[in-house]
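Residues per chain, in single letters:
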Amino acid sequence: MHRRSAFCLFLSALLLFVAGSAHAAPRDAAATQKIDEAINKYYLATEFDKAEALLKGILEACEDRCSPTVKGRAWMYIGIVRGSGRQDMAGTKEAFAQALAADPSVKLDDALATPPVKQAFDAAGGAGGSAAPAPETAAPAAKPAAAGATAAGGAVGNMECTPNVKEVEMQRPIPVACTTDEPAAKVTLRYKPFGSEEWATVPMQKKGEYWQGQVPCSDTGTSGKLRFYVQAKDKDGEELDSFGSKKQPTEIKIVSKTDEEPPAYPGQPAPQKCMSASECPEEMIGTPACPTGGAKVRGGKGWGSPCEQSQECDSGLLCQQGDNGKTCENAPKCDSNSDCPSGAVCKSGMCDLDEAGGASTPGKYKKNMIGLHIAPDFALLSGHDVCLSNDFSCFYSGGQQYVGHPTKDHAGSLN
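(A) Just the state of the cysteines, in detail. Scanning all chains against the criterion turns up six disulfides. Linked covalently through their sulfurs, Cys62 and Cys66 form a disulfide whose S-S length is 2.1 Å. For the disulfide bridge between Cys62 and Cys66, the dihedral angle about the S-S bond is near -75°, and by the sign convention the bridge is left-handed. Exposure remark for Cys62: the relative accessible area of 1% places this residue in the buried category. Shown here is the disulfide that connects Cys161 with Cys178, its sulfur atoms set 2.0 Å apart.

(B) Highlighting the sheet that holds strand β6 (residues 205–207). Read from one edge to the other, the open sheet built from four strands follows the order β1-β3-β7-β6, with strand pairing classed as antiparallel. The outermost strands of the open sheet, each flanked by one partner alone, are β1 (160–162) and β6. Neighbour-to-neighbour, the strand axes of the sheet open up by a mean angle of 30°, direction not taken into account. Relative to strand β7 (residues 210–215), β6 runs antiparallel, the two being bridged by three bridges. Note on β7: the bridge partner recorded for Lys207 is Tyr210.

(C) Layout of the nonpolar core. Judged by nonpolar contacts, the single largest core of 33 residues is most densely connected at Tyr43, Leu55, Met76, Tyr77 and Ile80. Secondary-structure elements contributing two or more residues to this core are α2 (28–43), α3 (48–62), α4 (68–85), α5 (89–102) and α6 (115–123). With residues near it in sequence (within four places) discarded, Leu55 still touches Ile35, Ala38, Ala74, Tyr77, Ile78 and Val81. Judged by nonpolar contacts, the second largest core, of 23 residues, contains Val176, Val202, Val230 and Ile252.

(D) Focus on unusual backbone geometry. Cis rather than trans, the peptide bond between Thr162 and Pro163 has omega equal to 25°. Tracing the chain through its elements places Pro163 in the loop between β1 and β2 (167–169). For Thr46, which is not a glycine, the phi torsion comes out positive at approximately 65°. Of note, Thr46 is situated in the loop between α2 and α3. The backbone of Gln171 shows a phi angle near 65°, a positive value even though the residue is not glycine.

(E) Representation of the packing of α3 against α4 within the structure. Across the interface, α3 lies against α4 with an axial gap of 10 Å and an inter-helix angle of 160°. By the angle between their axes, α3 is roughly antiparallel relative to α4. Considering only the axes of α3 and α4, their crossing is left-handed. Packed against α3, whose contacting residues are Phe48, Ala51, Glu52, Leu55, Lys56, Leu59 and Cys62, the element α4 presents Lys71, Ala74, Trp75, Tyr77, Ile78, Val81, Arg82 and Gly85 at the interface. Of the residues belonging to the contact of α3 with α4, the class tally is 10 nonpolar, one polar and four charged.

(F) Fine view of the packing of aromatic side chains. Counting across every chain of the model gives four aromatic pairs. Ring centres of Tyr43 and Phe48 lie 5.5 Å apart, and the angle between their planes is 50°; this geometry places the pair in the tilted category. One exposure class covers both Tyr43 and Phe48, and it is buried. Ring centres of Phe96 and Phe121 lie 5.2 Å apart, and the angle between their planes is 85°; this geometry places the pair in the edge-to-face category. With Phe96 in helix α5 and Phe121 in helix α6, the pair connects residues that are 25 residues apart, well separated along the chain. Overall, the relative accessible area of 0% leaves Phe96 in the buried class. Residue classification places Phe121 among the buried positions, given a relative accessible area of 1%.

Reading the values: rules and limits
Residues numbered from 1 in each chain as written. Predicted model: local features only at pLDDT ≥ 70, side-chain atom pairs only at ≥ 80, totals over all residues. Heavy atoms only, no water. Disulfide = S-S within 2.5 Å. Buried < 20%, exposed > 50% of the residue type's maximum accessible area, 1.4 Å probe, protein only. Pairing = 2+ DSSP bridges. Helix = DSSP H or I, 4+ residues; strand = E, 2+ residues; numbered from the N terminus. Axes fitted to C-alpha atoms, helices over the stretch in contact; angles between N-to-C directions. Core = buried A, V, L, I, M, F, W, Y, C linked by side-chain atoms within 4.5 Å. Contact = heavy atoms within 4.5 Å. Parallel < 35°, antiparallel > 145°, perpendicular 65-115°, else oblique. Left-handed = near helix turned anticlockwise from the far one by under 90°. Nonpolar A, V, L, I, M, F, W, Y, C, P; charged D, E, K, R; others polar. Phe/Tyr/Trp six-rings, centres within 6.5 Å; stacked < 30°, edge-to-face > 60°.

What follows is the structure, encoded as C-alpha cells:
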C-alpha cells in the first residue's frame, strides 16, 4: 500500500515536471521562426538594420518564455549581422559574449561567418563546430569588403575594387578601379542610382593593373543610396570573378555634404565635381564639369521634382508624365529616337534632351510648305467728320499731321 502511494506521488511529481518543462519555453517555435526570417529575409538582402532590430525584438519578446538555446542562437546571429555584415567587430564580440552567457554550447553558423567573425567567436570561448543554418540559406559567407562595400554586406568573389568610401558628395563622379586574380577578357561595372528601377552598364577599360570605369556625376545628383557591383568574364563569356552581385551590391550614400575624401582612381587626383546646369558659366559649357551643356539647355531640378518640360530637369533626367503629374524622372534606355519620350532623342543608348530642337517633340522632322495665297488689297471707305474719330489720322495738305480737335462739320469727309 505504501509502495503504491509512493509510486503515485512520484508519478504525479514527474508529470508536473514534464508539464512545467513543456510550458517553460512556449515561445521557442515562434522565436525560431522569427530568427530564420531575420536571416533569410533581411540579412541576406543586406538590410542589416532590420535584421538586428528583429533579432533584438525576439529577445525582448522571449522574456523567460524562450529556452537558453533559442536566446543564444539569436545573440549568435546578432554577432553575425554586426561582424559579417557591418564589420563592427566590437559589437560582434559583445553579441557573442551574450550568446555564450545564454547558452555555453551555442554554435556558430559557419556558412555566414567571415574569418574575423570566426576568430571573434573562438576568442569569446565558443565551443566551435557549426550551428544548424537558417532554412533556405543559400548564400555563402561574404568576403570581408572594403569600407565602400560594408553597407552592402561585403563583396561576392575575389575581386578587389575601390573606392573605399561610404559617402560621396552629390554631383561628384565615382571612379571605380578593380583588379582580378585571373586574367579577364571583359569587366563590366553595373550601377543603380537612387530612385532608378534599372541597372546602368559601364564597360570598364584596362589601364595598367586596374580595370577602370566611372559612375557619371549625372547619376549622383540626387541624395540617397547608389548601388553597384562589378563582373569579370573570360574570353568565352563565362563569369570569372566579381565584386558584389545584383543581390548583394555595394552601397554608397550620396549626400549633400561629407567629410570623406572624394573618390579617385588609385594614385590619381579626384575628378572635379560637376556643376548643376543652372550653375555652369558660359565659358565652361561642354567641359567635364558641365556635361549638360550649360544653363542655356538644362535646369537644375532634381529627381522627382514637378516640371513642365525637360529643360527644367538636371542632366540625366527627363520630364515625364506620371500618376501625380509631370516630374523629373531618370531618362530611359534606348536604341533609337522612337524609344524616347517627347522632347528627347537617343544618345549613346540613353534618352536625352534634344538640344538642337529645344523643347520641340522629336520624331518626324518639320517640312517647309509652299503655298499660294490670294487676298484683296483694297478697301471701300467713306464717312463724314472722320478726323473726329480715333480710327483715322489726319494731315494738312503739306503732309504735317493735324493735332487738335476739329470743329464738327469741318472735320473732313471721305467719299
